[in-house]
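The primary structure of each chain is shown beneath.
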Amino acid sequence: MSHKGVIEQYRKFLPVGDKTPVVTLLEGDTPLIPSKCLSELTGLEVFLKYEGLNPTGSFKDRGMTMAISKALEDKAKVVICASTGNTSASASAYAARAGMKSVVLIPEGNIALGKLAQAMIHNAQVIAIKGNFDQALTLVKEISQKYPIVLVNSVNPFRIEGQKTASFEICDNLGDAPDFHAIPVGNAGNITAYWKGYKEYFENKSSRKLPKMLGFQAADSAPIVYDKIIDKPETIATAIRIGNPASWKQAVAARDESGGLIDIVTDEEIIEAYKMLAKYDGVFVEPASAASVAGVIKLRKKEYFKGKKGRIVCTLTGHGLKDPNIAIKNVSQPVSVEAKLKDLLDVIGL
Ligand code: F0G
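Note that the coordinates shown come from a computational prediction; the quantities given were computed from them, not determined experimentally.

### Some thoughts on the sheet that holds strand β7 (residues 180-184)
In step 1: If you walk across this open sheet you meet the six strands as β1-β2-β10-β7-β8-β9, and the pairing is mixed. Two strands lie at the open edges of the sheet, namely β1 (32-34) and β9 (261-265), each paired on one side alone. Direction aside, the axes of adjacent strands within the sheet are offset by 25 degrees on average.
In step 2: In this structure, β7 lies alongside strand β10 (residues 311-316), joined through three bridges in parallel fashion. Bridging from a neighbouring strand, Ala182 pairs with Cys314 of β10.

### Details of the sheet that holds strand β3 (residues 78-82)
In step 1: The parallel open sheet is built from four strands, whose spatial order is β5-β4-β3-β6. Both edges of this open sheet fall to β5 (125-129) and β6 (150-151), since each of them pairs with a single strand only.
In step 2: The sheet contact formed by strand β4 (residues 101-107) and β5 spans five bridges and is parallel. Bridging across to β5, Ile106 finds its partner in Ala128.
In step 3: Contacting β3 and β4, helix α4 (residues 86-98) crosses the sheet at an angle of about 170 degrees to β3.

### Overview of the packing of aromatic side chains
In step 1: One pass over the structure, following the stated rule, counts nine aromatic pairs.
In step 2: Both rings, one in Phe13 and one in Tyr201, keep their centres 5.4 Å apart while their planes meet at 55 degrees; by these two values the pair is tilted. Highlighted residues: Phe13 in the loop between α1 (6-9) and β1 and Tyr201 in helix α9 (residues 189-203), separated in sequence by 188 residues. Neither Phe13 nor Tyr201 differs from the other in exposure class; each is buried.
In step 3: An aromatic cluster is present here, built from Tyr10, Phe13, Phe168 and Tyr201 joined pairwise through their rings.
In step 4: Above the face of the Tyr304 ring, Lys308 is positioned so that its terminal group lies 4.0 Å from the ring centre.

### A few points about the packing of α9 against helix α11 (residues 248-258)
In step 1: Where α9 contacts α11, the axes come no closer than 8 Å and their chain directions differ by 45 degrees. The angle between α9 and α11 places the two elements in the oblique class. As α9 runs across α11, the sense of the crossing is left-handed. When α9 is examined against α11, the residues Ile191, Thr192, Trp195 and Lys199 are found in contact with a partner set consisting of Gln250, Ala251, Ala253, Ala254, Glu257 and Ser258.
In step 2: Classifying every residue of the contact of α9 with α11 by side-chain character gives five nonpolar, three polar and two charged.

### Topic: the environment of Ala188
In step 1: Looking at where Ala188 falls in the secondary structure, it is placed in the loop between β7 and α9.
In step 2: For Ala188 and Ile129, which are 59 residues apart along the polypeptide, the C-alpha to C-alpha distance reads 22 Å.
In step 3: Here Ala188 is in contact with Ile224, Pro245, Ser247, Trp248 and Ala251, once residues within four sequence places are set aside.

### A word on the site of the ligand
In step 1: Among the 19 residues in the neighbourhood of the ligand, the closest are listed as Ser83, Gly186, Asn187, Ala188 and Thr317.
In step 2: At a separation of 2.8 Å, an oxygen atom of the ligand approaches a polar backbone atom of Thr84.
In step 3: In the environment of the ligand, an oxygen atom lies 2.8 Å from a nitrogen or oxygen atom belonging to the backbone of Gly186.
In step 4: Computed on the free molecule, the ligand has an accessible area of 470 Å², of which 98% lies beneath the protein chains in the complex.
In step 5: Sorting the residues of the shell around the ligand by element identifies α4 and α9 as the ones contributing at least two each.
In step 6: Residue classes in the shell around the ligand are distributed as seven nonpolar, 10 polar and two charged.

### So, the side chain of Lys60
In step 1: Along the polypeptide, Lys60 turns up in helix α3 (residues 60-73).
In step 2: Notably, Lys60 is buried but unbridged: the nearest opposite-charge side chain belongs to Glu286, and the N-O separation is 8.8 Å.
In step 3: Those residues in contact with Lys60, other than ones at most four positions away along the chain, are Asn86, Thr87, Ser90, Arg159 and Gln163.

### Quick word on the pattern of salt bridges
In step 1: Summed over the entire model, instances satisfying the criterion amount to 23 salt bridges.
In step 2: Measuring nitrogen to oxygen at the nearest pair gives 2.5 Å for the salt bridge that ties Lys164 to Glu161. Across the pair, exposure class does not vary: Lys164 and Glu161 are buried alike.
In step 3: Residues participating in the shared-partner salt-bridge network are Lys49, Glu51, Arg62 and Glu169.

### Comments concerning a nonpolar patch on the surface
In step 1: Residues Val335, Val337, Leu341, Leu344, Leu345, Val347, Ile348 and Leu350 make up a contiguous nonpolar surface patch of roughly 760 Å² in combined accessible area.
In step 2: Here Leu344 lies in helix α15 (residues 341-348).
In step 3: Leu344 sits in the partly exposed class, given a relative accessible area of 38%.

### Comments concerning the state of the cysteines
In step 1: As enumerated under the stated definition, the model contains zero disulfides in all.
In step 2: Here Cys37 stays free of any disulfide, with the sulfur of Cys314 as its closest cysteine sulfur at 10 Å.

### Considerations on the nonpolar core
In step 1: Core analysis: the biggest nonpolar cluster contains 39 residues, and Leu38, Leu214, Val293 and Phe305 have the highest contact counts within it.
In step 2: Here the element with the most residues in this core is helix α13 (residues 290-301); it accounts for seven residues.
In step 3: When neighbours within four sequence positions are excluded, Val293 is seen to be in contact with Leu38, Leu48, Ala273, Leu277, Cys314 and Leu316.
In step 4: Core analysis: the next-biggest nonpolar cluster, separate from the first, contains 29 residues, Val16, Cys171, Met213 and Trp248 among them.

Each value, and the rule that gives it
- Residues numbered from 1 in each chain as written.
- Predicted model: local features only at pLDDT ≥ 70, side-chain atom pairs only at ≥ 80, totals over all residues.
- Heavy atoms only, no water.
- Pairing = 2+ DSSP bridges.
- Helix = DSSP H or I, 4+ residues; strand = E, 2+ residues; numbered from the N terminus.
- Axes fitted to C-alpha atoms, helices over the stretch in contact; angles between N-to-C directions.
- Contact = heavy atoms within 4.5 Å.
- Phe/Tyr/Trp six-rings, centres within 6.5 Å; stacked < 30°, edge-to-face > 60°.
- Buried < 20%, exposed > 50% of the residue type's maximum accessible area, 1.4 Å probe, protein only.
- Lys NZ or Arg CZ within 6 Å of the ring centre and 35° of its normal.
- Parallel < 35°, antiparallel > 145°, perpendicular 65-115°, else oblique.
- Left-handed = near helix turned anticlockwise from the far one by under 90°.
- Nonpolar A, V, L, I, M, F, W, Y, C, P; charged D, E, K, R; others polar.
- Near = heavy atom within 4 Å.
- Polar contact = N/O pair within 3.5 Å; in protein donor to acceptor, adjacent residues only side chain to side chain.
- Areas by Shrake-Rupley, 256 points an atom, 1.4 Å probe, with all protein chains shown as cover.
- Lys, Arg positive; Asp, Glu negative; His and termini not counted.
- Salt bridge = Lys/Arg side-chain N within 4 Å of Asp/Glu carboxyl O.
- Patch = residues over 30% accessible without salt bridge, like charges linked within 9 Å, V, L, I, M, F, W, Y side chains within 5 Å.
- Disulfide = S-S within 2.5 Å.
- Core = buried A, V, L, I, M, F, W, Y, C linked by side-chain atoms within 4.5 Å.

Interpretation note: all reported values are geometric properties and have no functional meaning in isolation.
Structure, rendered in structure tokens:
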């Protein structure tokens, strides 16, 4: 049977009824790609959950199909979100499909080009604020409390419900949950959703074990690791440039209940993992997505996996094409030659 989107696929695990109008772009059913280089490096079997292959290029679509369907069920006309880019891309696409207006607040100057283009072409009202994501989130929360506008950030519980389907897919794919699950942490909605999904599948006897959750924050945007709000978060991985995550407590619970950890990875480690994925596994992700892989490499160096067996899944949250500027900045540049065979052969080294 062809895939009909995450709501139809996992309806019995989701708070939808017969009357819920399903707004879908057929998100989900993303590939779980074996990673040869990471498996060799760690000695465990490593898989990449490539969420960049969702319709708008990130995992947000799983949550947005739920949030927008429920908003439509409630006859909402306008949705709003704060975003480092992917939430706004997804919200604007699903709102367009539902015939709703979308308003998105982004931190001026700190959003990847592709994501900005997405929100704009889907006809969102895009507002760049002179502040960061945390300030934008505070503002949209206030607006949604005072006006008839539905908030579609991950503080909206339907977002978490939709996003938990990624865990279900992984378990269905592997025949069980993995032993470790590595994931980037920004606003902390996704680690919360994955852990909820793993627990529900386990309780339903659809899986036989639970993974240890391994979360990774960028070093200068790591409020959970340092246990304090970061007023001026910084990182090259703009998607996770967040200093006061909404699902902070839930992320800590996922870490502690699973016996996992939340650690930092530096921008250098993120870029190294980003390049490695593209160069050896043929998988192009955006920098924030590489935080999960950077984390696994870091843990391997600290011998965390020593003597351990089993499977590691790394979530790759968004597509590399979202942020082409970063890719171009971090590799050698194309050479320019005359349109002559001899010049070309010289350059190729033939
Ligand atoms: N990776 C990417 C590519 C993201 O866009 C985000 C979050 C994360 C990881 C972190 O996920 O917030 O659930 O912990 N992006 C949000 C946005 C904040 O506005 O698009 P999280």
